[in-house]
Amino acid sequence: MRKKQFKTQSKKMLDMMINSIYTHKEIFLRELISNASDAIDKRHFRSLTNTALGLDMSAYNIHIERDTDNRILKISDNGCGMGEKELEDNLGTIARSGSLEFKNENEAEDIDIIGQFGVGFYSAFMVADKITILTKALESEQAFKWESEGVDGYTIEPCEKADFGTEITLHMKEDTENENYSIFLEESKIRELVKKYSDYIRYPITMLVEQRVESENEEEEPRFESVEQTLNSMVPLWKRDAKEVSEEEYNSFYHEKFYDFEDPLAVIHTKFEGTSNCNILLYIPKKAPFDYYTKDFEKGLQLYSSGVMIMEKCADLLPDYFSFVKGVVDSADLSLNISRETLQHDHQLKIIAKAVEKKIIAELKKLLKNDREKYDAFFEQFGRQMKYAVYASYGMQKEALQDFLEFKSSNEKKYVTLSEYVARMPESQTAIYYAGGKTIDKIEMLPQTQAVTGKGIEVLYFTEDVDEFCVTMLGNYEQKPFKNVSDNDLDITTDEEKEQLKQENDTSKDLLAFMKEKLGDRVEEVLFTNALQTHPVCLSTEGGISTEMQKVLESQPGMAQGIKAKTVLEINLNHPVAQKLKALYGTDNETLEKYTEILYAQACLICGLPVENPTELSNLVCDLM
């Protein structure tokens, strides 16, 4: 018997197959099971025209056998088997796929052949130092044995084998200090890998397992016996008709696959047909994962190709603003790379990703329209991410997301969409008003909030750090600009009130200039206002940065600390303090300076800005007392 060389005649080529293409050794089992599944597919396909070649569908089987003492792992199938020429062609030539040739020759477009590249088999050399194959092809009387220890070549010789099909024996490598190959002989590890990668192979994957048997005699020790068990589910939930799947089945699958103890908020189960065909099963969680708003969170859907898992988290299937979605996409139309471990970024993937996005949008619209309580619960958990997506994309996603945004408002403190807010605006109202703060209670205590709501105008409450940045990026909604109640050009007074205020500021310009000089560059201006109700003072802002935005920016690591809101100190013209200031100017400017410092400090405290020198403030108050 003469040893033959691989037709590539290249040690480098086989080394690449083993060491470069596959990054995870554990996928060897996935590849061998996938090859076995393809072999059974071929036998079943041929039996459609020659019934003598086929078996009852329930008889097809992929079997795994362990021999831990001798470090042997066997994977066998009752598929089509291989003859001597096929062994030579398919296993003697690296990167030639018999499965793909079979599909092309038979024009079997409706058969999901998994193998495409003819290199998956060689991944077994990552864990085995010797591989033996016994195989017998359909309609052949002679079986053959193929054996190889890797790059040195292989042998093929006749052998005895009773049944059609293939048996692959892996002689596992010895463990080293850095590599544990014995783990792949453990029952629990094999179960884990089948469940992870091959759970939805359409044929049963069986293995003899040790099962505890209790003795009827309590004095006798329990014994263990070997029982053949099926390790895979075979029929994916996502390939079944949605009408035939119960809520309990959806929930059970969700708990098992995505390790969430709570039931999902919503389920999306659909089939997409077009230039790329795929089955889609998506879940919207009820609660955000503990790490959702951290840099450690990884988005992505599980990606399958013909029931075999290719990627556990395919990030390209989800836009960032829907990163909370969990689920499965299964398509036979994807262009995989040679190892099937990763995906080529191709046109089909983009089409499927767009289909996924549309399905999620449709489901959220349905929730918003038909089950508002459930949608509000969803937005409570994941709304921040959608707001951030509007800001982070420089407004590119605003058209897609703006109708899904919600904010609490002064109208019953419930969530309101921008559409709902605009729909109930009075005709005279020209802007969408909002106020920012740590909590709703603190926002409601702002003098500016009370001034606006006192006019009967609804105010959106911004309690998250991203809120104001989000609407700044939106710019407007249905041609209605967003207006911070703390803006110094807030326009909620009558023409008569505006004229009266202008006259007062003109008359008191020297007083106001004196106070501005005292405060220096801490404020842009000091003015009287008639918009406040009972509050004596407030800080308003001008320009694009509000005091809330300043606080957010200052809290970010690495952000420039020089970014400041341009503030205006506004004093309530109708409050007794205004008359006191007028009386002090020119008669007791020293006391006026103290009043100025105290009023500015009060205004800072009201809007949540720090007081630069609390000791000085305390002394000023005590002096006046």
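Structure shown above.
Before going into details, it helps to say that this report is about the structure given with it.

What counts, and at which threshold
Residues numbered from 1 in each chain as written. Predicted model: local features only at pLDDT ≥ 70, side-chain atom pairs only at ≥ 80, totals over all residues. Heavy atoms only, no water. Buried < 20%, exposed > 50% of the residue type's maximum accessible area, 1.4 Å probe, protein only. Helix = DSSP H or I, 4+ residues; strand = E, 2+ residues; numbered from the N terminus. Arc of directions from axis to C-beta. Salt bridge = Lys/Arg side-chain N within 4 Å of Asp/Glu carboxyl O. Disulfide = S-S within 2.5 Å. Patch = residues over 30% accessible without salt bridge, like charges linked within 9 Å, V, L, I, M, F, W, Y side chains within 5 Å. Areas by Shrake-Rupley, 256 points an atom, 1.4 Å probe, with all protein chains shown as cover. Lys, Arg positive; Asp, Glu negative; His and termini not counted. Charge placed at Lys NZ, Arg CZ, Asp CG, Glu CD. Phe/Tyr/Trp six-rings, centres within 6.5 Å; stacked < 30°, edge-to-face > 60°. Lys NZ or Arg CZ within 6 Å of the ring centre and 35° of its normal.

### Observations concerning helix 17 (residues 576-584)
So, step 1. What helix 17 keeps buried is the set Val577, Ala578, Leu581 and Leu584. Relative to the axis of helix 17, the buried residues are bounded by an arc of 130° and lie together on one face.
So, step 2. Looking one or two residues beyond helix 17, the residue adopting positive phi is glycine 586, at roughly 90°.

### Comments concerning the pattern of salt bridges
So, step 1. Applying the stated criterion to the full structure yields 41 salt bridges.
So, step 2. A salt bridge links lysine 195 to glutamate 256; the shortest N-O distance between them is 3.3 Å. Taken together, the positions of lysine 195 in helix 5 (residues 187-197) and glutamate 256 in helix 6 (residues 247-258) put the pair 61 residues apart, joining distant regions of the chain.
So, step 3. Taking relative accessible area as the criterion, glutamate 256 reaches 44% and is therefore assigned partly exposed.
So, step 4. Several salt bridges share partner residues, and in doing so they unite Glu26, Lys189, Glu192 and Lys196 into one network.

### Description of the state of the cysteines
So, step 1. For the structure shown, the criterion picks out zero disulfides.
So, step 2. Lacking any disulfide linkage, cysteine 538 is separated from the closest cysteine sulfur, that of cysteine 607, by 8.8 Å.
So, step 3. With no disulfide partner, cysteine 607 has as its closest neighbouring cysteine sulfur the one in cysteine 604, 5.7 Å distant.
So, step 4. According to the relative accessible area criterion, cysteine 607 is buried, its value standing at 10%.

### Some points on a negative patch on the surface
So, step 1. Where like charges cluster on the molecular surface, the negative patch consists of Asp521, Glu524, Glu525 and Glu612.
So, step 2. Along the polypeptide, glutamate 525 turns up in strand 20 (residues 525-529).
So, step 3. On the accessibility criterion, glutamate 525 (35% relative accessible area) is partly exposed.

### Notes on the packing of aromatic side chains
So, step 1. Summed over the entire model, instances satisfying the criterion amount to 29 aromatic pairs.
So, step 2. Counting every residue linked through ring pairs, the aromatic cluster contains Tyr292, Tyr293, Phe297, Tyr321, Phe322, Phe324, Tyr375, Phe378, Phe379, Phe382 and Tyr415.
So, step 3. Geometry around phenylalanine 528 places lysine 582 over its ring, the cationic atom sitting 5.5 Å from the centre.

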